[in-house]
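Inside the fold
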Amino acid sequence: MLIDQFGRKINYLRISVTQRCNFRCLYCMPKIPFNHQPKENLLSFEELFLFVKAAIDEGIEKIRITGGEPLLRKDLSIFIKMIHDYKKELDLAITTNGFLLKDFAKDLKNAGLKRLNVSLDTLDEKKAKKLAQKDVLSSVLAGIEEALNVGLKVKLNTVALKNLNDNELIALLEFAKSKNMQIRFIEFMENTHAYGKLQGLKRDEIIQILSQKYDIKLIKKAEKAPVSLYSANDYEFGIIDPHSHEFCDSCNRIRLSAEGHLIPCLYFDEALSIKEAIKKGDVKAAVEILQEVLRNKPEKNKWSVVDNETSMRAFYQTGG
């Protein structure tokens, strides 16, 4: 069992398999040219799997594959199958922008993937193009449809932004409901890589907008995640508010970058690398590094509405 210095049980590993992305979303990496290829010094899937097996043996029960855009990493379904075959009852998921999903959904399902989250910030083609700086909406919607068709469970992630999609929150909720998907509205996470004029909606503002049509009631606060579940009449949706410290007391996650950095929180400051140990096949040393990272895991995240702190982190490096 993995326990950090504050007595929290760590059983959730998020693995970023690439920094690359085929979108240039305003809230993530808008200033990077599309022809830019980051100098990624990646661990191979076989090397990543060495650590994954050890992490599962130590108590990891849930794994989410992220990026960048994880479907850009060649042979991702093979990695998914490696993990699934090692422990079939593992809660295994990915987060994707959905652009390539139509081509890969069946392979991912056959490899053992149980569910996925797709980013969908708007149902308007022009807004989608503005946000992603690319014509993306039709491909994303086709990917969602294919994922549902092959039997994957799909959730939608929507970053709530003032003057961009604030007038679509009800329509997005109703779209998710019509497809029997859960939508989670996410507060914009300030970072120095984002477009400077963006303004996010906070939890109460999101609720106020949805309340124009629906009777919104809190169902429960998720115990180990920054999501609160609400009902809109008979439909359940979520709001993720990373600025809050309410979920930190029960945080159960740790992150691994494609280059081997073990990250105890979405901020990068306290990361340590398992790369050298894994390259040598020294799994024991990698697990010792994991234990040290847990000892350094902070009690709370660094976002604060009061302090208005902005992250220097490029979230595409760590699956933010």
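Structural data are supplied above this passage.
Description of the structure in this document. Worth saying up front: this structure is predicted, and the values here are computed from it rather than measured. (Residues numbered from 1 in each chain as written. Predicted model: local features only at pLDDT ≥ 70, side-chain atom pairs only at ≥ 80, totals over all residues. Heavy atoms only, no water.)

1. Section: the pattern of salt bridges
To be explicit about the condition: Salt bridges are counted wherever a side-chain nitrogen of Lys or Arg sits within 4 Å of a carboxyl oxygen of Asp or Glu. Strands are runs of DSSP state E lasting at least two residues, helices are runs of H or I lasting at least four, and both sets are numbered from the N terminus onward. Partly exposed residues are those whose accessible area sits between 20% and 50% of the maximum for their type, while under 20% is buried and over 50% is exposed, using a 1.4 Å probe and protein chains only.
Inspection of every chain in the model, using the stated rule, returns 14 salt bridges. In this structure, the salt-bridge partner of lysine 213 is glutamate 174, at a minimum N-O distance of 2.6 Å. Of this pair, lysine 213 sits in the loop between helix 7 (203-210) and strand 7 (216-221) while glutamate 174 sits in helix 6 (residues 169-178), and the two are 39 residues apart along the sequence. For glutamate 174, a relative accessible area of 27% translates into the label partly exposed.

2. Thoughts on helix 2 (residues 76-86)
Test applied: Here, residues are in contact when the closest pair of their heavy atoms is within 4.5 Å.
Of all the positions in helix 2, only Leu76, Phe79, Ile80, Met82, Ile83 and His84 are classed as buried. Summarising the contacts, the buried residues of helix 2 are in contact with strand 1 (12-16), helix 1 (45-58), strand 2 (62-66), strand 3 (91-96) and helix 3 (101-111).

3. Focus: the sheet that holds strand 11 (residues 261-263)
What counts is decided by this rule: A pair of strands counts as paired when DSSP detects no fewer than two bridges linking them. Only the stretch in contact is used when fitting a helix axis, every axis being a line fitted to C-alpha atoms; angles between N-to-C directions are given from 0 to 180 degrees.
The 12 strands lie next to each other as 7-8-9-6-5-4-3-2-1-10-11-12, forming an open sheet whose pairing is mixed. Taken across any chain shown, the strands that pair with only one partner, and hence form the sheet edges, are strand 7 and strand 12 (272-273). Sheet topology note: the strand 6 (residues 182-187)/strand 9 (residues 235-240) ladder contains 3 bridges and is parallel. Its bridge partner lying in strand 9, arginine 184 is registered against glycine 238. Relative to the sheet, helix 6 contacts strand 5 (153-160), strand 6, strand 8 (227-232) and strand 9, its axis offset from that of strand 6 by approximately 150°. Helix-sheet contacts for helix 7 involve strand 5, strand 6, strand 7, strand 8 and strand 9, and the interaxial angle to strand 9 is about 150°.

4. Thoughts on the side chain of lysine 155
Convention followed: Charge counting treats Lys and Arg as positive and Asp and Glu as negative, with His and both chain ends excluded.
Tracing the backbone through its elements, the reader meets lysine 155 in strand 5. No salt bridge is formed by the buried lysine 155. Its closest oppositely charged neighbour is glutamate 236, at 7.3 Å. Ignoring anything within four residues of it in the chain, the contact list for lysine 155 reads Arg115, Leu116, Asn117, Val118, Gln182 and Arg184.

5. Focus on the packing of helix 2 against helix 3
Going by this rule: Just so you know how the angles are binned, under 35 degrees is roughly parallel, over 145 roughly antiparallel, 65 to 115 roughly perpendicular, and the rest oblique. Whether a crossing is left-handed or right-handed is set by the direction in which the near helix is turned from the far one by less than a right angle, anticlockwise for left-handed and clockwise for right-handed. Side-chain classes are defined by residue name, with Ala, Val, Leu, Ile, Met, Phe, Trp, Tyr, Cys and Pro counting as nonpolar, Asp, Glu, Lys and Arg as charged, and the others, Gly among them, as polar.
With their axes 8 Å apart at the nearest point, helix 2 and helix 3 run at an angle of 20° to one another. In terms of axis orientation, helix 2 runs roughly parallel to helix 3. Once helix 2 is placed against helix 3, the crossing between them reads as right-handed. For the pair helix 2 and helix 3, the contacting residues are Leu76, Ser77, Ile80, Lys81 and His84 in the first and Asp107, Leu108 and Ala111 in the second. In terms of residue class, the contact of helix 2 with helix 3 is built from 4 nonpolar, 2 polar and 2 charged.

6. Focus: the packing of helix 3 against helix 5 (residues 137-149)
When two helices pack together, their arrangement is given by the angle between the helix axes and the distance between those axes. Axis separation between helix 3 and helix 5 bottoms out at 8 Å; the angle between their running directions is 20°. Put simply, helix 3 runs roughly parallel to helix 5. Classified by chirality, the crossing of helix 5 by helix 3 is right-handed. Residues Leu101, Lys102 and Ala105 of helix 3 pack against Ala142, Gly143, Ile144, Glu146 and Ala147 of helix 5. Partitioned by chemical class, the residues of the contact of helix 3 with helix 5 number 5 nonpolar, 1 polar and 2 charged.

7. As for the nonpolar core
Our working rule: For our purposes a nonpolar core is just a set of buried Ala, Val, Leu, Ile, Met, Phe, Trp, Tyr and Cys residues, chained together by side-chain atoms within 4.5 Å.
Ranked by internal contacts, the top residues of the largest apolar core, which has 92 residues, are Phe51, Ile63, Ile65, Phe79, Leu156 and Phe237. No other element matches the 7 residues that helix 1 contributes to this core. Phenylalanine 79 has contacts with Ile15, Val17, Phe45, Leu48, Phe49, Val52 and Ile65, leaving out every residue within four places of it along the chain.

8. As for the state of the cysteines
For clarity, the cut-off: In this description, a disulfide is simply a cysteine sulfur pair whose atoms lie within 2.5 Å.
Counted by the stated rule, this structure contains 0 disulfides. Distance from the sulfur of cysteine 251, which forms no disulfide, to the nearest cysteine sulfur (cysteine 265) is 6.6 Å.

9. Some remarks on the environment of isoleucine 170
Here isoleucine 170 is to be found in helix 6. Residue class for isoleucine 170 comes out buried when judged on its relative accessible area of 19%. Separated by 43 residues in sequence, isoleucine 170 and lysine 213 place their C-alpha atoms 7.8 Å apart. Not counting residues up to four positions away in its chain, the partners in contact with isoleucine 170 are Ile209, Leu210, Gln212, Lys213 and Tyr214.

10. Quick word on unusual backbone geometry
Backbone geometry follows two general trends: most residues other than glycine have a negative phi, and most peptide bonds adopt the trans configuration. With an omega dihedral of 20°, the bond running from glycine 67 to glycine 68 counts as a cis peptide bond. Turning to its location among the elements, glycine 68 is positioned in the loop between strand 2 and helix 2. One non-glycine residue, aspartate 75, adopts positive backbone phi at about 65°. Locating aspartate 75 in the fold gives a position in the loop between strand 2 and helix 2. Judged by its relative accessible area of 41%, aspartate 75 is partly exposed. With a phi angle near 60°, asparagine 180 is a residue other than glycine that sits in the positive phi range. Topologically, asparagine 180 is positioned in the loop between helix 6 and strand 6. Accessibility expressed as a relative area gives 74% for asparagine 180, which makes it exposed.

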